[in-house]
Amino acid sequence: MIVVREHLKCQAAEAAVAYVEPGMVLGVGAGSTTEQFVRVLAASDRRPRAAVAASERSRVLLESLGISVVGLTGEIVPLALYVDGADEVDPRLRLIKGAGGALTREKVIATASRRFVCIVDESKLVPTLGAFPLPLEVVPFAVHLVEHELRSRGGAPLLRVGYETDNGNRILDVTGLDVSDPEQVERDLAGIPGVVECGIFARRRADVVVIGTEAGPRRLMPQRA
Ligand code: 5RP
């Protein structure tokens, strides 16, 4: 059954505009929820001075709506705000991202930002990460080595055929890995030669998750210890 969640994505995107200070430079991720956010933001009275875009597709959209796109230069790091979607969100605000293939730049911008506001519809909330195939960006020369390493760790990698990232690399979507300790798996995968980045965002998780739900927008914040 195909479930249409566009209105919930739009609801999260609209609620996230409140985090934008007019005239600021913010980071913008990739994906359909982020694109809704860009459209709502461009039409609002909180338009930014400029944005750092995580994908070429986001860059084109931002510029088509009259928002300047700049690089991640020393003058603007750290950014005050990064807004992006996710494929899975756990209760501790750890994420799986990268269905759109922009995970490396997304993680770079998220890490370069003081606040990461993640925008999702309620279908993205999970008790534990790992049902969604985990994307890995890999340099082309290393694809077979990385596939071999992943299989030896119990994973089943699937190469995105005919797909190249904005960085000229390939994406492996991996199922079967035990990601019950997301921080450790994120570290372990980064240690395989040829892996550029993995789609687990645990060390740099979201600071706030804005969720579109049938009952209205909801916010998920870190639990106090
Ligand atoms: C792209 C991403 C996206 O943020 C993620 O896939 C969610 O996309 P959507 O908002 O279309 O569901 O990580 O690399």
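It should be emphasised that the depicted structure is a prediction, and the values quoted were computed from it without experimental measurement.

Quick notes on the rules
- Residues numbered from 1 in each chain as written.
- Predicted model: local features only at pLDDT ≥ 70, side-chain atom pairs only at ≥ 80, totals over all residues.
- Heavy atoms only, no water.
- Near = heavy atom within 4 Å.
- Polar contact = N/O pair within 3.5 Å; in protein donor to acceptor, adjacent residues only side chain to side chain.
- 1 Å grid on protein atoms, 1.4 Å probe; cavity = no way out; pocket = protein on both sides within 12 Å on 5 of 7 lines; lining within 4 Å.
- Sits in = over half its atoms within 2 Å of the grid points.
- Nonpolar A, V, L, I, M, F, W, Y, C, P; charged D, E, K, R; others polar.
- Points joined across faces, edges and corners; volume = space filled by probe spheres on them.
- Core = buried A, V, L, I, M, F, W, Y, C linked by side-chain atoms within 4.5 Å.
- Buried < 20%, exposed > 50% of the residue type's maximum accessible area, 1.4 Å probe, protein only.
- Helix = DSSP H or I, 4+ residues; strand = E, 2+ residues; numbered from the N terminus.
- Pairing = 2+ DSSP bridges.
- Domains from an automatic or database assignment.
- Buried area = accessible area lost by both parts, 1.4 Å probe.
- Salt bridge = Lys/Arg side-chain N within 4 Å of Asp/Glu carboxyl O.

Caption draft 1: Molecular detail of the site of the ligand. Neighbouring the ligand are 17 residues, the closest being Ser32, Thr33, Asp87, Gly98 and Lys124. Note that an oxygen atom of the ligand is positioned 2.6 Å from one of the side-chain N or O atoms of Asp87. For the ligand, an oxygen atom lies 3.5 Å from a polar atom in the backbone of Gly101. Here the ligand is seated within the largest pocket. Looking at the shell around the ligand residue by residue, the classes come out as four nonpolar, seven polar and six charged.

Caption draft 2: Local environment of empty space enclosed by the protein. With the rule as written, the count across this model stands at one cavity of 30 Å³ or more. Lining the largest cavity we find Ala54, Gly101, Ala102, Arg105, Tyr163, Thr165, Asp166 and Asn167. Looking at side-chain class alone, the lining of the largest cavity contains three nonpolar, three polar and two charged residues.

Caption draft 3: Molecular detail of the nonpolar core. In this structure, Leu26, Phe37, Leu81, Val117 and Ile119 are the most contacted members of the largest nonpolar core, which totals 24 residues. Of all the secondary-structure elements, those providing two or more residues to this core are helix H1 (6-16), strand S1 (25-28), helix H2 (32-42), strand S2 (50-53), helix H3 (56-64), strand S4 (79-84), strand S7 (113-121) and strand S13 (208-212). A per-element tally of this core places H2 first, with four residues.

Caption draft 4: Structural context of the pairing of strand S10 (residues 170-175). Where strand S8 (residues 134-138) meets S10, five bridges bridge the pair, whose relative direction is antiparallel. Looking at S10, one finds that Val138 is bridged to Arg170. With four bridges connecting them, strand S9 (residues 156-159) and S10 associate as antiparallel partners. Within S10, the position partnered with Leu158 by the bridge is Asp173.

Caption draft 5: Spatial organisation of the domain arrangement of the protein chain. By domain assignment, the protein chain separates into domain 1 (2-125 + 203-220) and domain 2 (134-198). Once you take the C-alpha centre of each, domain 1 and domain 2 turn out to be 24 Å apart. With both sides pooled, the region where domain 1 packs onto domain 2 buries about 1400 Å², and carbon together with sulfur makes up 47% of that total. Of all residues in domain 1, the largest losses of buried area upon contact with domain 2 belong to Leu103, Lys107 and Arg203, amounting jointly to 41% of the total for that side. Summed over the shared surface of domain 1 and domain 2, the result is five salt bridges. If you tally residues by element for the side of domain 1 that touches domain 2, the top one is helix H4 (residues 103-111), at four residues.

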